[in-house]
Amino acid sequence: MSAGRLTLAVQKSGRLAEGGFDLLKQSGVKLAYARDALMRRAENVPLDLMLIRDDDIPSFVASGACGCGIVGENVLAEAAARSARVAGLQIVQRLGFARCTLKLAAPLEGPVQSVADLEGRAIATSYPALTAAYLKERGITAEIVEMGGSVEVAPRMKIADAICDLVSTGATLEANGLAAFETVLESEAVLIANREALNGAAATLDLLVERFKGVIASRQ
Ligand code: ATP
Ligand code: ZN
C-alpha cells in the first residue's frame, strides 16, 4: 500500500462485486490489467482495489488494511454485532444496489407465526450475532443454530423451528414451505470507511463519493 493511494476493499466475485465494478466503471475509474488476484490498480485515480470475500471486508477496513470498502449492510451489521471496532466504522454512502432483506421465517402451518412464538425455540441462521442482538432487544430467549448456507432447509430437517435469512424474491422460502413473519434488516450495498486508515488519501475518498453520488443520482 503506497502512501497517498486509497485502498478500497471489494468482493472478489458475487453480487456485490458485480454492482461494485459497475459503479466504479460508471464513475470513470479505469482499472489496469493485472494478473494479481488480490490487488487491482486504478490507472487514472490514486486508488487500489483489494479483492476479498465480502465477509472479510468489515474487519479489513476496521483493522486499517483498507481505507474503505463496499459491503452489504447485512454483513456489516453482523460484523458490528461481533466487534466494537467494526461498530465504530462509518457508512459514508449508501449505494442503492444489492438490495435484500434479512427476515425471520417459519413453516406455514407451524407453531411459530410471530416473534413472540420464538421463545424457547431454535432459529437457524448465518447471522448469529445479529439474530441474537435482535432477540435480546425484544427479551426473547431462543437457541441460535449457526449455519453457513442452505439455512432454508433447517426446519424441514428438524434442526430449527424458524430461520433468519436473506430474502429477495421470497421464492426460496416458498419452495421450502416457509413464510416470513418479521423483517430484521433492510440491506443494500454501502461504502464504509476508516478515517484513521486513509493513508493520506482522504481527498481520493471524497472524490470517489462525489462520483458515486453522481452515478446513483443518474440512475434514479
Ligand atoms: P463471498 O464468497 O464473497 O462470501 P457470498 O456467497 O457471501 O460471497 P453473494 O451471494 O454474492 O456472496 O452475496 C453478497 C451480498 O449480496 C449479500 O451479503 C447481500 O448483501 C447481497 N445480496 C443481494 N441480493 C441478495 C440475494 N438475493 N441473496 C443473497 N444475497 C444478496
Ligand atoms: Zn459472503
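Residues numbered from 1 in each chain as written. Chains lettered and ligands numbered in written order. Predicted model: local features only at pLDDT ≥ 70, side-chain atom pairs only at ≥ 80, totals over all residues. Heavy atoms only, no water.

Visitor: I would appreciate a short explanation of the coordination of the zinc ion (ligand 2) in the present structure.
Guide: Angles between donor atoms at a metal ideally measure 109.5 degrees for a four-coordinate tetrahedral arrangement and either 90 or 180 degrees for a six-coordinate octahedral one. The protein atoms that coordinate the zinc ion (ligand 2) are Asp54 (OD) and Asp55 (OD), at distances of 2.0 Å. For the zinc ion (ligand 2), the four donor atoms in the first shell make angles of 75 to 176° at the metal, so the coordination geometry reads as irregular. Taking the relative accessible area as the measure of exposure, Asp54 reaches 16% and is therefore buried. (Donors = N, O, S within 2.8 Å, 3.2 Å for Na, K, Ca; no water. Tetrahedral: all angles 85-135°; square planar, octahedral: opposite > 155°, others 65-115°. Buried < 20%, exposed > 50% of the residue type's maximum accessible area, 1.4 Å probe, protein only.)

Visitor: Got a minute to help me understand the sheet that holds strand S8 (residues 143-146) in this structure?
Guide: Backbone hydrogen bonds are what pair the strands of a sheet, in a parallel or an antiparallel way. Strand order in this open sheet of five strands is S8-S7-S9-S6-S10, and the pairing throughout is mixed. At either margin of the open sheet sits one strand with a lone partner, and together these are S8 and strand S10 (178-187). For this sheet, the mean inter-axis angle between neighbouring strands, taken without regard to orientation, is 25°. Of the pairings in the sheet, the one linking strand S7 (residues 122-125) to strand S9 (residues 162-167) comprises three bridges and is parallel in character. The residue of S9 that forms the bridge with Thr125 is Cys164. Taken strand by strand, helix H3 (residues 73-82) contacts S8, S9 and S10, and its axis lies near 80° from that of S10. In the packing of helix H5 (residues 128-137) onto the sheet, the strands contacted are strand S6 (100-107), S7, S8, S9 and S10, and the crossing angle to S8 comes to about 165°. (Pairing = 2+ DSSP bridges. Helix = DSSP H or I, 4+ residues; strand = E, 2+ residues; numbered from the N terminus. Axes fitted to C-alpha atoms, helices over the stretch in contact; angles between N-to-C directions. Contact = heavy atoms within 4.5 Å.)

Visitor: Which parts of the structure should I look at to understand the domain arrangement of the chain?
Guide: How big an interface is tends to be stated in terms of the accessible area lost upon association of its parts. Structurally, the chain comprises domain 1 (6-98 + 189-219) and domain 2 (100-187). Each of domain 1 and domain 2 was reduced to a C-alpha centroid, and the two centroids are 29 Å apart. Across the contact, nine residues belong to domain 1 and ten residues belong to domain 2. Overall, the association of domain 1 and domain 2 removes approximately 790 Å² of surface from exposure, summing both partners, and the carbon and sulfur fraction of that is 55%. (Domains from an automatic or database assignment. Buried area = accessible area lost by both parts, 1.4 Å probe.)

Visitor: Honestly, H5 in this entry has me stumped. Any pointers?
Guide: Two residues of an α-helix separated by three or four positions point the same way, owing to the 3.6 residues in each turn. Listed as buried for H5 are Pro128, Ala129, Leu130, Thr131, Tyr134 and Leu135. The inward-facing, buried residues of H5 contact H3, S6, S7, S8, S9 and S10. Where H5 ends, the next residue or the one after it, Gly139, has phi of about 70°, a positive value.

Visitor: Is there a simple way to think about the pairing of strand S11 (residues 189-193) in this case?
Guide: When a strand is regular, its side chains alternate between the sheet's two faces. The element S11 is extensively covered by neighbouring structure, given that five of its five residues are classed as buried. One ladder, built from four bridges, connects strand S5 (residues 90-94) with S11; its direction is antiparallel. For Ile91, the partnering residue across the bridge sits in S11 and is Ile192.

Visitor: What exactly am I supposed to notice about the pattern of salt bridges here?
Guide: Where charged atoms from two side chains of opposite charge come close, those side chains can pair. Per the counting criterion, the structure on display carries nine salt bridges. The shortest N-O distance in the salt bridge between Asp55 and Arg53 comes to 3.0 Å. Asp55 gets classed as partly exposed once you look at its relative accessible area, which sits at 41%. Overall, the relative accessible area of 57% leaves Arg53 in the exposed class. For Arg82, the salt bridge goes to Glu146, with nearest N and O atoms at 4.0 Å. With Arg82 in helix H3 and Glu146 in strand S8, this residue pair connects regions lying 64 residues apart in the sequence. (Salt bridge = Lys/Arg side-chain N within 4 Å of Asp/Glu carboxyl O.)

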